[in-house]
Amino acid sequence: MSDWADLRKAANAIRALAMDAVEKAKSGHPGMPMGMADVATVLWTRFLTFDPADPDWPDRDRFVLSAGHGSMLLYALLHLAGYPGMEMAELERFRQLGSRTPGHPEYGHTPGVETTTGPLGQGLANAVGMALAERMLAARFGKELVDHWTYVIAGDGCLMEGISHEAAALAGHLGLGRLIVLFDDNGISIDGPTRLATSEDVRARFAAYGWHTLAVDGHDVEAVARAIAEAKADPRPSLIACKTIIGFGAPNKQGSEATHGAPLGAAEVAAARAHLGWHHPPFVVPDEVYALFRSGAARGAKERAAWKARLEAAPPALRAAFKRAIEGAIEREVEAAIAAHKAKLFASPPTVATRKASEMALEALTEAVPELVGGSADLTHSNNTITKHTPPIRPGDFSGRYIHYGVREHAMAAIMNGIALHKGFVPYGGTFLVFSDYARNALRLSAMMGLRVIYVLTHDSIGLGEDGPTHQPIEHLASLRAIPNLLVFRPADAVETAECWEVALRERRRPSVLALTRQNVPPVRSEPCTENLCARGGYVLAEASGPRALTILATGSEVHLALEARARLEARGVPTAVVSLPCFELFDAQDPTYRSAVLGSAPRIAIEAAVPFGWTRYVASEEDVIGMRDFGASAPGAVLFRHFGITADALIALAERKLGLPPNA
């Protein structure tokens, strides 16, 4: 057990590494790492269970740096603790191309980084998801296999962001007692003192959520240790407000915004070294500091070995189920469930909304795949996301598989990211497509991190009807399709919906959006087919009766309108094909030969009840698209489709103009 002086010396090592790395890069944020160095040192040497030899072992504690701008704090910790690939050379390459030390922590890029942070508040909400996943996994497999903590360092900015309210309120409601937030209470933001913008009592706010709260001098290592121990003894989630001085140790700049987001400057770095009594050259750390952090790693290695022995001693069926859950190896069960479900749909093709078709698919999937965990942002029976196999999670009872997120779209998305990052479950969550804007930052991070998170976004067009333009998504499909590494599905009927679910769940390293209708749509696929046609993103749904004169492209609820227009054009002797394009991203990834065969060489037109933006990858211009050019209106959905010209008649008129045909009398 190290004495307190050793901890202070170790904290000064972090301060030196932070200010030296930022100084060398001429870019970065030294203030937060210098201010929270004492707190982080206590946590990593006395409490956090980790093992650099196996950074991803399932029962490790999770550490989330929600204040991601202070990334040098995390990189210094990872280096000192001995994480692979985190040699001193990487710290010297801070913020440089190809280094493992980017400006903000990036999941999958740096060993030991649990989540990508930087957009403030995201890490805190991710941590709520991790803490929730830990309790759910423990409920399923027992504390012998699942028994760990989630720690967060969050700053004033994290707690100002609205997502912190959404996530913390849910954590308090559910009683996530394995979650401890260390609040860097330094009273400084980029603009200056936080009193410029806020006067709230943070502890009172969190107490109102049902949290246990404490306040401590963040530079008193003994007090910090006592506070963490007290937090671990309380059954509620805990917030420890650590009163710190930003840029601690920089004698002329500490306590001011000058240390927040810029190098200290050579003179101030030298002054800080003298002030702290740190006489080592840049990027040099004494052996005793390494020994302190490596002793924490050794403690974690013993914990991991004991956990591994418990796993091997577990009953074979339990052990196999646990390993499958952690690996996310659900593809075989998903494919079997969807195959059986499709057979039923072909036997009796239903006319239903695709949100209802999604519910039908989920009934089959959630029965076959216990790792599937659902939820909704207070729209459960509009999104159709709950099934008889997904009982709700309740305060103190984490054996369920359905999360009532409340009206908290942003937190829902970030919490699902945390659940996916934790591993053990595959989350899906629902809201209206138009409200994906509330969740967009977290949804973007799903894509950036390559997480298997499924967004069930219903009420996907003016077809939702009377709720009017505030609820009718117009630009949202194009906006979501613009996000790299995100699959956006818009299925046309129950069969396509089932196939899109199958593809989404097979994708381990990409999130997916399922854009689903409120209104009923007729079946467009009734011929039995075991192949998943949607897996290629687009396919010929109905070929022309002869050499193509025209190809109509469509998605979702407009596919049946394309088929109607085709039938009428064929009756006039115009050979017309219909292509269903449920997923642009998958179709664009197909080989050129396949894409050319599907699209054909004949003139092409398209129909989608959304803005035409993005369709010019398939058609000559936006004028070749029947779509929306303005916001919607309040009226029954069928009336709106006629009012805005999203009809088979409009398609035929466009075809006539495109092909130079006389109007049909």
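Refer to the preceding data block for the structure.
Residues numbered from 1 in each chain as written. Predicted model: local features only at pLDDT ≥ 70, side-chain atom pairs only at ≥ 80, totals over all residues. Heavy atoms only, no water.

Some remarks on the overall build of the protein chain
Heads up, the condition is: Under the scheme used here, helices are H or I runs from DSSP no shorter than 4 residues and strands are E runs no shorter than 2 residues, and both carry numbers assigned from the N terminus. What the globule rule says is 2.2 Å times the number of residues to the power 0.38, and the radius of gyration is computed from C-alpha atoms. Partly exposed describes any residue whose relative accessible area lies between the buried limit of under 20% and the exposed limit of over 50%, with all areas from a 1.4 Å probe on protein chains only and scaled to the type maximum. By definition, residues are in contact when any of their heavy atoms lie within 4.5 Å. Accessible surface area values rest on a Shrake-Rupley calculation with a 1.4 Å probe, where residue burial reflects the displayed protein chains alone. Just so you know, the count uses Lys and Arg for positive and Asp and Glu for negative, and it drops His and the chain ends. For charged residues, the charge sits on one atom: NZ in Lys, CZ in Arg, CG in Asp, CD in Glu.
The helix and strand inventory of the protein chain stands at 24 helices and 20 strands. The globule rule puts the C-alpha radius of gyration for 665 residues at 26 Å, and the 28 Å found for the protein chain is close to it. Taking the principal axes of the C-alpha coordinates as reference, the protein chain spans close to 90 × 55 × 45 Å. Counting over 665 residues, the protein chain shows a buried share of 62%. For the protein chain, restricting intrachain contacts to residue pairs at least 6 apart in sequence, the fraction spanning at least 24 positions comes to 78%. Accessible surface, the protein chain: about 23700 Å² in total, of which carbon and sulfur atoms supply 53%. Mean positive and mean negative side-chain charge positions of the protein chain (66 and 74 charges, respectively) differ by 3 Å.

Regarding helix α9 (residues 221-233)
Keep this limit in mind: Here the expected length of a helix is defined as 1.5 Å per residue gap, with one fewer gap than residues.
Compared with an ideal rise of 1.5 Å per residue, which puts 13 residues at 18 Å, α9 spans 19 Å between its outermost C-alpha atoms and is within 8% of the ideal. Turning to α9, its buried residues are V221, A223, V224, A225, A227, I228 and A231. The inward-facing, buried residues of α9 contact α1 (4-25), α2 (31-47), β2 (150-155), β3 (179-185), β6 (212-217) and β7 (238-243).

Thoughts on the pairing of strand β9 (residues 372-376)
Regular strands place side chains that alternate from one sheet face to the opposite one. To be explicit about the condition: Two strands qualify as a pair provided DSSP detects at least 2 bridges between them.
With five of five residues buried, β9 is to be regarded as a mostly interior element. Residues L372, G374 and S376 line one face of β9 and the alternating positions V373 and G375 line the opposite face, and both faces are buried. Pairing geometry for β9 and strand β11 (residues 426-432), over three bridges, is parallel. Bridge assignment links V373 to a residue of β11, and that residue is P427. Inspection of the sheet shows β9 paired to strand β10 (residues 402-404) by three bridges, in the parallel sense.

Points about the packing of helix α5 (residues 122-141) against helix α7 (residues 162-174)
Under the convention used in this document: Axes, fitted as lines to C-alpha atoms, cover a helix only where it is in contact. Angles between the N-to-C directions of the axes lie from 0 to 180 degrees. We call two directions roughly parallel when the angle between them is under 35 degrees, roughly antiparallel when it is over 145, roughly perpendicular when it lies between 65 and 115, and oblique otherwise. By convention, the crossing between two helices is left-handed when the near helix turns anticlockwise from the far helix through less than a right angle, and right-handed when the turn is clockwise. Only Asp, Glu, Lys and Arg are considered charged, only Ala, Val, Leu, Ile, Met, Phe, Trp, Tyr, Cys and Pro nonpolar, and every remaining residue, Gly among them, polar.
It is at 8 Å that the axes of α5 and α7 come closest, and there the two elements cross at 20 degrees. If you check the angle between α5 and α7, you find them roughly parallel. Where α5 crosses over α7, the handedness of that crossing is left-handed. Seen from α5, the contacting residues are Q122, L124, A125, V128 and L132; seen from α7, they are I163, S164, A167, A171 and L174. Residues belonging to the contact of α5 with α7 are distributed by class as follows: eight nonpolar, two polar and no charged.

Details of the packing of α2 against helix α3 (residues 71-81)
Orientation of α2 relative to α3, taken along the N-to-C sense of each, is 40 degrees, at an axis distance of 9 Å. With respect to α3, the axis of α2 lies oblique. Handedness of the crossing formed by α2 with α3: right-handed. Across the interface between the two elements, M32, P33, M36, A37, A40 and W44 of α2 pack against M72, L73, L74, L77, L78 and A81 of α3. Residue composition of the contact of α2 with α3, grouped by class: twelve nonpolar, no polar and no charged.

Remarks on the sheet that holds β7
Pairing within the open sheet is parallel, and its five strands lie in the order β1-β2-β3-β7-β6. Single-partner strands in this sheet number two, and they are β1 (62-65) and β6. For this sheet, the mean inter-axis angle between neighbouring strands, taken without regard to orientation, is 20 degrees. Pairing analysis gives six bridges linking β6 to β7, with the strands arranged parallel. The residue of β7 that forms the bridge with H212 is S238.

So, the packing of aromatic side chains
Aromatic ring pairs are defined here through the distance separating the ring centres and the angle between the ring planes. Selection criterion: Only rings of Phe, Tyr and Trp enter the pairing, Trp through its six-membered ring, and a pair is recorded when the two centres are within 6.5 Å. The plane angle decides the type: under 30 degrees is stacked, over 60 is edge-to-face, the rest tilted.
Applying the stated criterion across every chain, the model contains 18 aromatic pairs. Consider the rings of W44 and F63, whose centres lie 5.5 Å apart with planes at 85 degrees: the pair is edge-to-face. Here the residue W44 occupies a position in helix α2, and F63 occupies one in strand β1, the gap between them amounting to 19 residues. Since its relative accessible area comes to 5%, F63 is described here as buried. Measuring from ring centre to ring centre gives 6.1 Å for F50 and Y83, while their planes differ by 20 degrees; the resulting arrangement is stacked.

Notes on the side chain of T551
Basically, it comes down to this: Any pair of N or O atoms that falls within 3.5 Å is considered a polar contact. Within protein, one atom must be able to donate a hydrogen and the other to accept it, and sequence-neighbouring residues count only if both atoms are side-chain atoms.
Among the structural elements, T551 can be located in strand β17 (residues 550-554). Among the polar contacts made by the side chain of T551, one reaches the main-chain carbonyl oxygen of L599 at a distance of 3.5 Å. Those residues in contact with T551 that lie beyond four places of it in its chain are A577, V579, L599, P603, R604 and I605.

Description of the nonpolar core
What tends to happen in soluble globular proteins is that the nonpolar side chains get buried as a cluster. We apply this condition: By nonpolar core is meant a set of buried Ala, Val, Leu, Ile, Met, Phe, Trp, Tyr and Cys residues that side-chain atoms within 4.5 Å join together.
Among the nonpolar cores identified, the biggest contains 148 residues, and W44, F63, L132 and I240 are the most heavily contacted of them. Leaving out residues up to four positions away in the same chain, W44 has contacts with F50, F63, L74, L77, L78, A81, Y83, F293, G296 and R299. Within the second largest apolar cluster, 80 residues are counted, among which are A494, A609, A635 and L640.

Focus: the state of the cysteines
Just so we agree on the cut-off: In this description, a disulfide is simply a cysteine sulfur pair whose atoms lie within 2.5 Å.
This model, assessed by the stated rule, comprises zero disulfides. With no disulfide of its own, C158 lies closest to C242 among cysteine sulfurs, the gap being 13 Å.

Some details on the sheet that holds β9
Spatially, the six strands line up as an open sheet ordered β10-β9-β11-β12-β14-β13, and their pairing is parallel. Both edges of this open sheet fall to β10 and β13 (487-489), since each of them pairs with a single strand only. Across the sheet, the mean angle from the axis of one strand to that of its neighbour is 20 degrees, orientation sign disregarded.

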